[in-house]
Amino acid sequence: MHELTVARRLVDRAVATARDHDADRIDALTVRIGAATHVVPDQIAFCIETIAEGTPAEDATVRFERVPARGECACGWAGELDTLADTVAGAPDRRCPECGGGVTLTAGTECGLTRIETPDPRDTHP
Ligand SMILES: [Zn+2]
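This is a predicted model, so every value here is computed, not measured. In this convention, every chain numbers its residues from 1, walking through the sequence in written order. Restriction of local features to residues with pLDDT of at least 70 applies here, the model being predicted, together with a cutoff of 80 or more for giving and counting side-chain atom pairs; totals for whole chains, interfaces and linings are based on all residues.

*Asks:* Looking at this model, I keep getting lost on unusual backbone geometry. Mind explaining?
*Replies:* In terms of backbone geometry, most residues other than glycine have negative phi values and most peptide bonds are trans. If you check the backbone angles, D22 has positive phi at about 55° while not being a glycine. Among the structural elements, D22 can be located in the loop between α1 (2-20) and β1 (28-34). You can call D22 exposed: it has 9 C-beta atoms within 10 Å. The helix count covers DSSP runs of H or I at least four residues long, the strand count covers runs of E at least two residues long, and both are numbered beginning at the N terminus. Burial is judged by counting other C-beta atoms within 10 Å of a residue's own C-beta: 20 or more means buried, 12 or fewer means exposed, and anything between counts as partly exposed, with every C-beta placed from the backbone.

*Asks:* Any chance you could explain the UniProt feature "binding site: Ni(2+)" (unreviewed entry) in the protein here in plain terms?
*Replies:* UniProt positions are given in the numbering used here, feature names are shortened, and annotations may be inferred rather than shown by experiment. Here, the residues flagged by UniProt with the feature "binding site: Ni(2+)" (unreviewed entry) are H2. Within the secondary structure, H2 sits in helix α1.

*Asks:* Just checking my understanding: could you explain the nonpolar core for this structure?
*Replies:* One broad trend across soluble globular proteins is that nonpolar side chains are buried collectively. What we call a nonpolar core is a set of buried Ala, Val, Leu, Ile, Met, Phe, Trp, Tyr and Cys residues whose membership is set by joining through C-beta atoms within 7 Å. With 18 residues, the main nonpolar core has A14, L29 and I48 as its most contacted residues. Broken down by secondary-structure element, the contributors of at least two residues to this core are α1, β1 and α2 (41-52). Ranked by residues supplied to this core, first place goes to α1 with six residues. For every residue pair, C-beta atoms are placed from the backbone, and the pair is scored as a contact if these atoms sit within 7 Å. Those residues in contact with I48 that sit more than four places away from it in its chain are A7, L10, V11 and V62.

*Asks:* Can you walk me through the pairing of β1 in this structure?
*Replies:* For a regular strand, the rule is simple: side chains alternate between the two faces of the sheet. Any two strands between which DSSP finds at least two bridges are classified as paired. The pairing of β1 with strand β2 (residues 61-67) spans seven bridges and is classified as parallel. When the sheet's bridge partners are listed, I33 is paired in β2 with R66. By definition, the crossover connecting two strands over a helix is right-handed if that path, from the first strand to the second, turns clockwise as seen with the strands pointing away from the viewer. On the question of chirality, the crossover connecting β1 to the parallel β2 by way of α2 is right-handed. Sheet analysis places β1 next to strand β6 (residues 111-117), joined by six bridges and oriented antiparallel. Looking at β6, one finds that A28 is bridged to E117.

*Asks:* What is the right way to read the UniProt feature "binding site: Zn(2+)" (unreviewed entry) in the protein from this model?
*Replies:* When the UniProt feature table is mapped onto this chain, "binding site: Zn(2+)" (unreviewed entry) is found at C73, C75, C96 and C99. In terms of the greatest pairwise C-alpha distance, the residues named above, spread along 27 residues, form a tight cluster of at most 8.7 Å across. When you line up the elements, C75 lands in the loop between β3 (70-72) and β4 (78-80). On the basis of neighbour count, C75 is assigned to the exposed category, with 12 C-beta atoms found within 10 Å. Here C75 is in contact with C96, E98, C99 and G101, once residues within four sequence places are set aside.

Next up, the structure:
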């Protein structure tokens, strides 16, 4: 359900961007996903394909940019958080490895459209 909501937002954004550029077709879209979002790229891609039917984003290739989760702690520790194992366990562990305190996420919660590719207008309109 979560993936479907995210996918719909991405497709809406891609279609609006294409419209802004007078493009009636989208060849590919690039989506940035942070590891801490626990969003599954395969599911997003599937949802996008379904939602994009009948829109300019139909048949677009979906690419992903993964952003690792990073955090920092009041004790001075800062680093990458291993969220893959946490995803499997279903309980995100945001504990500092140095002092065991709570870690503030500084990266990894990104989830958005970074780029769309459209047919080159110079090719279609010489
Ligand atoms: Zn700490």
